[in-house]
Amino acid sequence: MTDAKHIQHLRKVLNEHNYRYYVLSQPTISDFEYDRLLEELIELEKKHPELQDPDSPSQRIGSDIDNAFEQVPHAYPMLSLSNTYTCEEIKDFADRLEKLLPGHAIEYVCELKYDGVSISLTYSKGRLERAVTRGDGEKGDDVTANIKTIRSIPLLINGNDYPEHFIIRGEVFLPHAGFGRMNRERMETGEPPFANPRNAAAGTLKLQNSSQVAKRPLDCYLYSILGDNLPYGTHFDNLMKAKEWGFKIAPHLRKCFKLQEIFDYIDFWNSEREHLPFDIDGIVVKVNSYQQQRLAGYTAKSPRWAIAFKYKAEQALSRLLSIDYQVGRTGAITPVANLQPVILAGTTVKRASLHNADQIELLDIRINDMVYIEKGGEIIPKVIGVDKKNRAPDSIPIRYITHCPECGSELVRRESEAKHFCPNDTGCPPQLKGKLEHFVSRKAMDIGLAEATIEQLYNHGLVKDSADFYSLTKEQLINLERFAEKSAENLINSIEASKQVPYERVLYALGIRYVGETVAKKIVKSLPSIDALASSSMDELTSIEEIGDKIAESIQQYISNERNQKLIERLRSAGIKLQSDAPSRRMISNALSGKNLVISGTFRNHSRDEIKNLIEIHGGKNLSTVTSNTHYIVAGDGMGPGKREKADKLGIPVITEEDFLKMIGEQ
Ligand code: IVH
């Protein structure tokens, strides 16, 4: 088979597996086999840049091209729905429609109301052309590169009976499992967790770097289709057709004629929604026939032929017994209410979040108060109010703690942060244990250790910081509960093996605030050893791509701390890699010293990464967005019109690949 044929074949096979996995949830190959095929395709495409194709499944891993989002008008405005909360209002809706459509038998379609971010996808000649957010309803942001990373959204349509142009709309969301995983990872790197899956999905779609989006497990259900030549005259039939074309259409649609059927659907999902793997905030009722939709028409804001029924977040009332103050891995303090047990959304709740000191003060919550708790989009229930009428006359306002409940240090509250922090990151037990968990985690030193074992090692005084792992002996472990000869040996072996972990992962393992996996990699590329990092200036740090003042300050703070310096020396003596094995990058000239460059599009003689590398080895800095600090834009083929406009507005010179090469003396 020629490479070209092989590429075609791989693309087809990968598209089929994508569809089976993400749309049908019926995979037929393992993730490993899938990844191998994908890697093979990426390799072949690298070898044959002339065969690149924006619709290739390889595009789903995203790219580091920045997406200064372009604003695009919607061909059909994106309207919202009027909301209702009671069955009477649904009856009023149906009565209004009967008056508007005399003599018509009205069929309704009931659907779930997904709690995510709406998206409008344009397909042209069977391929995904553009994805635009709702924006203000008239125009939105072009987020095509980000949307392409969502595996359940087809880049190419199955079959041949689709209209040449159509628009399909739906909701992008994060399923609970992916949301939990993402927040755990954020906490590991000291970033604040997202409050709920909807915020997380919205934040993700706005990321500038689609390869970061690709790492987040977004999904999408499509719920409406628009166009001139749709195959059927009803909403339901067209959605079923779209399902055949490969779109992910929710299986929970119901056609109904009678009001009672709508009420039953509302009731059913009100109790069943807690079992869904994603959030819904209500249901939507739509008139099925397009002809009837047209006759019913629109108000200024929403269609008269559709309505949303919103579920109230489930609430319960319970007594506040006491408040615990939890100390997180980053030292953040979270006040947690201990409650008289109460049933909420099917589970017994004994604890609920109180957020922070401001929230407690705002709600004026007092011990023994009856408090309202709510389970909204958030995973953990939260206290949202107080029943002040039934408050004991002698109750006193809560005084927020001033010292860490775990180590006694005085708490600090940094500017612009809502939470209090325990600053004792080198002596506070939950922070130390958190650091150890992070150090051994899979993407860091990969020493397979359960949380409970870390707790055990810590409580026995065997491991207080990460360097202590390297002086553990088999004899010490065997004496501990749950350890036997074999398990002790395994742990010692895996600690030994961690000495081979490359420096970039060691740097990540140190747990420096804001230094996640990607940042660690970027740092190591420019500063290939811990010693180079230790002697770097703020300017040097911030000239590294993606590193701004916040990260640079955090690094300098870490490095200048004497305890951390000692820890690093002990890790060095233990034989941990503190410098990169990769040959270090030489600086070639200062031709671009002090200059900020943005690259855009694709180039004829170099890959984007090569151009970026050239910028750096000639002393320049890569920026991802065009700002007034940009000195040049190096433009290749397919430079985004948004960027060009911005460059014109700011008067920034746009240069070609050839101009650039001349500038650095390579041509
Ligand atoms: S139909 C003109 N169907 O709810 C009708 N919307 O306020 C357009 N949503 O912005 C929307 N699930 O983001 C429709 N099954 C569903 C939906 C749904 C969630 C969202 C959508 C829209 C908002 C309506």
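Since we're looking at a predicted model, the values are computed, not measured.

(A) Region of the structure containing the overall build of the chain. Per the secondary structure count, the chain includes 24 helices and 20 strands. Its C-alpha atoms give the chain a radius of gyration of 29 Å, near enough to 26 Å, the size a compact globule of 667 residues would have. Counting only residues that meet the buried cut, the chain has 47% of its 667 residues in that class. For the chain, long-range pairs separated by at least 24 residues make up 67% of all intrachain contacts whose partners lie at least 6 apart in sequence.

(B) Summary view of the site of the ligand. Surrounding the ligand, one finds Ser80, Leu81, Glu111, Leu112, Lys113, Tyr114, Ser118, Glu171, Tyr223, Val284, Lys286 and Pro303. Between Ser118 and the ligand, the recorded distance is 3.3 Å, taken from a side-chain N or O atom to an oxygen atom. Against a free-state accessible area of 520 Å², the protein chains account for coverage of 87% of the ligand. Of all the secondary-structure elements, those providing two or more residues to the shell around the ligand are strand E3 (108-114) and strand E10 (280-287). The dominant element in the shell around the ligand, judged by the number of residues it contributes, is E3, at four residues. Residues belonging to the shell around the ligand are distributed by class as follows: six nonpolar, two polar and four charged.

(C) Structural context of the packing of aromatic side chains. Under the counting rule described, the total for this entry stands at 19 aromatic pairs. Plain terms: the ring middles of Phe173 and Tyr221 are 5.7 Å apart, the flat faces sit at 25 degrees to each other, and that makes the pair stacked. A residue pair is termed long-range when its members are at least 10 positions apart, and Phe173 in strand E7 (residues 165-173) and Tyr221 in strand E8 (residues 219-226) qualify at 48 residues. The pair formed by Phe173 and Tyr221 is uniform in burial state, with each residue classed as buried. Linked through ring pairs, Tyr123, Tyr162, Phe166, Trp245 and Phe247 together constitute an aromatic cluster. Taking NZ or CZ as reference, Lys248 lies 5.5 Å from the ring centre of Tyr221, over its face. The ring centre of Phe421 lies 4.3 Å from the NZ or CZ of Arg414, which sits over that ring.

(D) Structural context of a nonpolar patch on the surface. On the surface, Leu317, Tyr372 and Ile384 cluster together into a nonpolar patch covering about 210 Å² of accessible area. Along the chain, Tyr372 falls in strand E15 (residues 370-375).

(E) Seen up close, helix H20 (residues 549-560). With twelve residues, H20 extends 16 Å between its outermost C-alpha atoms, agreeing within 8% with the 16 Å of an ideal straight helix rising 1.5 Å per residue. For H20, every residue scored as buried is listed here: Ile551, Ala552, Ser554, Ile555, Tyr558 and Ile559. End-on, the buried residues of H20 take up no more than an arc of 160 degrees, which puts them together on one face. Facing away from the buried side of H20 by over 90 degrees, the exposed positions are Asp549, Lys550, Gln557 and Ser560. The secondary structure elements touched by the buried residues of H20 are helix H17 (517-526), helix H18 (530-534), helix H19 (538-542) and helix H21 (562-574).

(F) The sheet that holds strand E11 (residues 306-310), seen in detail. Here five strands make up an open sheet; going across it, the order is E2-E11-E10-E3-E9 and the pairing mixed. For this open sheet the edge positions go to strand E2 (83-84) and strand E9 (254-256), each flanked by a neighbour on one side alone. Where E2 meets E11, two bridges bridge the pair, whose relative direction is parallel. Directly across from Thr84, in E11, lies its bridge partner Phe309. Sitting on the sheet, helix H3 (residues 87-100) touches E2, E3, E10 and E11, and the angle it makes with E11 is about 175 degrees. Here helix H8 (residues 235-244) sits on the sheet and contacts E3, E9 and E10; the angle it forms with E3, its principal contact strand, is near 55 degrees.

(G) Examining the sheet that holds strand E17 (residues 596-600) more closely. Across the sheet, which stays open at both edges, the four strands sit in the order E18-E17-E19-E20 with parallel pairing between neighbours. Lying at the two open borders of the sheet, with one neighbouring strand each, are strand E18 (621-622) and strand E20 (654-655). Lying on the sheet, helix H22 (residues 608-617) is in contact with E17 and E18; it crosses E17 at an angle near 170 degrees. Sitting on the sheet, helix H23 (residues 641-650) is in contact with E17, strand E19 (632-635) and E20, with an inclination near 150 degrees to E17.

(H) The arrangement of the environment of Arg563 in detail. Along the chain, Arg563 turns up in helix H21. Overall, the relative accessible area of 52% leaves Arg563 in the exposed class. Sequence separation of Arg563 and Thr426 is 137 residues, and the distance between their C-alpha atoms is 7.6 Å.

(I) Structural detail: the pairing of strand E12 (residues 314-327). Where E12 lies against E15, six bridges are found, and the strand directions are antiparallel. Bridged to Ala316 within E15 is Ile373. Pairing geometry for E12 and strand E13 (residues 333-344), over seven bridges, is antiparallel. Paired with Val327 across the bridge in E13 is Ile333. Linking two consecutive strands that pair antiparallel, namely E12 and E13, is a turn of five residues; a positive phi of about 95 degrees is found at Gly331 within it.

(J) Local environment of the pattern of salt bridges. Enumeration according to the criterion identifies 37 salt bridges in this entry. Asp364 serves as the salt-bridge partner of Arg366, at 3.2 Å between the closest nitrogen and oxygen. We note a salt bridge from Glu517 to Lys443, for which the minimum N-O separation is 3.8 Å. Taken together, the residues Glu517 in helix H17 and Lys443 in the loop between helix H12 (429-440) and helix H13 (451-459) connect sequence positions 74 residues apart. Residue classification places Glu517 among the partly exposed residues on the basis of a relative accessible area of 32%.

(K) Examining the nonpolar core more closely. Formed by 53 residues in total, the largest nonpolar core has its most connected members in Phe469, Tyr470, Leu507 and Leu533. Of all the elements in the fold, those that place two or more residues in this core are H12, H13, helix H15 (485-497), helix H16 (503-509), H17, H18, H20 and H21. Listed in part, the 38 residues of the second largest apolar core include Phe166, Ile168, Leu205 and Val213.

Calculation criteria
Residues numbered from 1 in each chain as written. Predicted model: local features only at pLDDT ≥ 70, side-chain atom pairs only at ≥ 80, totals over all residues. Heavy atoms only, no water. Helix = DSSP H or I, 4+ residues; strand = E, 2+ residues; numbered from the N terminus. Rg over C-alpha atoms; globule rule 2.2 N^0.38 Å. Buried < 20%, exposed > 50% of the residue type's maximum accessible area, 1.4 Å probe, protein only. Contact = heavy atoms within 4.5 Å. Near = heavy atom within 4 Å. Polar contact = N/O pair within 3.5 Å; in protein donor to acceptor, adjacent residues only side chain to side chain. Areas by Shrake-Rupley, 256 points an atom, 1.4 Å probe, with all protein chains shown as cover. Nonpolar A, V, L, I, M, F, W, Y, C, P; charged D, E, K, R; others polar. Phe/Tyr/Trp six-rings, centres within 6.5 Å; stacked < 30°, edge-to-face > 60°. Lys NZ or Arg CZ within 6 Å of the ring centre and 35° of its normal. Patch = residues over 30% accessible without salt bridge, like charges linked within 9 Å, V, L, I, M, F, W, Y side chains within 5 Å. Salt bridge = Lys/Arg side-chain N within 4 Å of Asp/Glu carboxyl O. Expected span 1.5 Å × (residues − 1). Arc of directions from axis to C-beta. Pairing = 2+ DSSP bridges. Axes fitted to C-alpha atoms, helices over the stretch in contact; angles between N-to-C directions. Core = buried A, V, L, I, M, F, W, Y, C linked by side-chain atoms within 4.5 Å.

Taken by themselves, the reported measurements are silent on function.
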